[in-house]
Amino acid sequence: EADIYQTPRYLVIGTGKKITLECSQTMGHDKMYWYQQDPGMELHLIHYSYGVNSTEKGDLSSESTVSRIRTEHFPLTLESARPSHTSQYLCASSPSGGGLNEQFFGPGTRLTVL
Amino acid sequence: DAKTTQPPSMDCAEGRAANLPCNHSTISGNEYVYWYRQIHSQGPQYIIHGLKNNETNEMASLIITEDRKSSTLILPHATLRDTAVYYCIVRVWENTDKLIFGTGTRLQVFP
């Protein structure tokens, strides 16, 4: 069982609010990822990190930002939430090094912006 | 990474084998075939991967054709809990970070 956690699991918030989605893993993985998925649609990579102080944008443009101050923690922040940000956000991690490492996913945060 | 094509949906009776096909006709020699599944909007779960030999683990078997242009994921005895969206992904060994999921196959296992 993968040890990767996301909080909150569900969030309903009004337009203009600042929000932070939390993601933590206890597996010591260097690599962490954020994906965005609209209902019934594909997952898209929006951010990833190869380690502390490393962050990169993914394939899908996102107004969110991320930080990686500690290995186990990879929070995602929206400075001013809008209805277009309504989606499910999935966090994942994988071991460092090259090769065929699988990604372990958290349960996701379902965000609704009114 | 090579593009993959999967049927949008399939049905399978509980206890029977579920055979999920995937076409990857543009796959190159250094690309691996991975399978993940996503149960009811939970986080995706890794199932299996392979290069050219058939592979088996406790969850499933992966059959890759000799020309590597297609593959089949086999769940030998499907259960209701196997109802999920199954994603076939092709990735180069060096580019393991970026999973491109596509739309996958929605497998419905019925009693």
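Residues numbered from 1 in each chain as written. Chains lettered and ligands numbered in written order. Predicted model: local features only at pLDDT ≥ 70, side-chain atom pairs only at ≥ 80, totals over all residues. Heavy atoms only, no water.

## Regarding the sheet that holds strand β3 (residues 19–25) of chain A
Residue and element names in this part refer to chain A.
Okay, step 1: Taken in spatial order, the four strands line up as β1-β3-β8-β7 in an open sheet, and their pairing is antiparallel. What marks the edges here is a single partner per strand, and that holds for β1 (4–7) and β7 (65–66).
Okay, step 2: Bridging between β7 and strand β8 (residues 76–78) involves two bridges; their strand directions are antiparallel. Bridge pairing in β8 places Thr65 opposite Thr77. (Pairing = 2+ DSSP bridges. Helix = DSSP H or I, 4+ residues; strand = E, 2+ residues; numbered from the N terminus.)

## Things to note about the pattern of salt bridges
Okay, step 1: A full pass over the atoms with the stated rule returns four salt bridges over all chains.
Okay, step 2: For A:Lys18, the salt bridge is made with A:Glu79, and the minimal N-O distance between the two is 3.9 Å. Within this pair, whereas A:Lys18 is found in the loop between β2 (10–13) and β3, its partner A:Glu79 is found in the loop between β8 and β9 (87–94), the two being separated by 61 residues in sequence.
Okay, step 3: According to the relative accessible area criterion, A:Glu79 is exposed, its value standing at 52%.
Okay, step 4: Measuring nitrogen to oxygen at the nearest pair gives 2.8 Å for the salt bridge that ties B:Asp82 to B:Arg37. (Salt bridge = Lys/Arg side-chain N within 4 Å of Asp/Glu carboxyl O. Buried < 20%, exposed > 50% of the residue type's maximum accessible area, 1.4 Å probe, protein only.)

## A short note on the packing of aromatic side chains
Okay, step 1: By the definition in use, this model includes ten aromatic pairs over all chains.
Okay, step 2: Judged by centre distance (6.4 Å) and plane angle (85 degrees), the ring pair of A:Phe105 and B:Tyr36 falls under edge-to-face. Placement of the pair is A:Phe105 in strand β10 (residues 104–105) and B:Tyr36 in strand β3 (residues 31–38), with the two residues belonging to separate chains.
Okay, step 3: Residue classification places A:Phe105 among the buried residues on the basis of a relative accessible area of 10%.
Okay, step 4: Residues B:Tyr36 and B:Tyr46 carry aromatic rings whose centres are separated by 5.8 Å and whose planes lie at 75 degrees to one another, so their mutual orientation is edge-to-face. With a gap of ten residues between them, B:Tyr36 in strand β3 and B:Tyr46 in strand β4 (residues 45–50) connect regions that are remote in the sequence. Taken as a pair, B:Tyr36 and B:Tyr46 share a single burial class, namely buried. (Phe/Tyr/Trp six-rings, centres within 6.5 Å; stacked < 30°, edge-to-face > 60°.)

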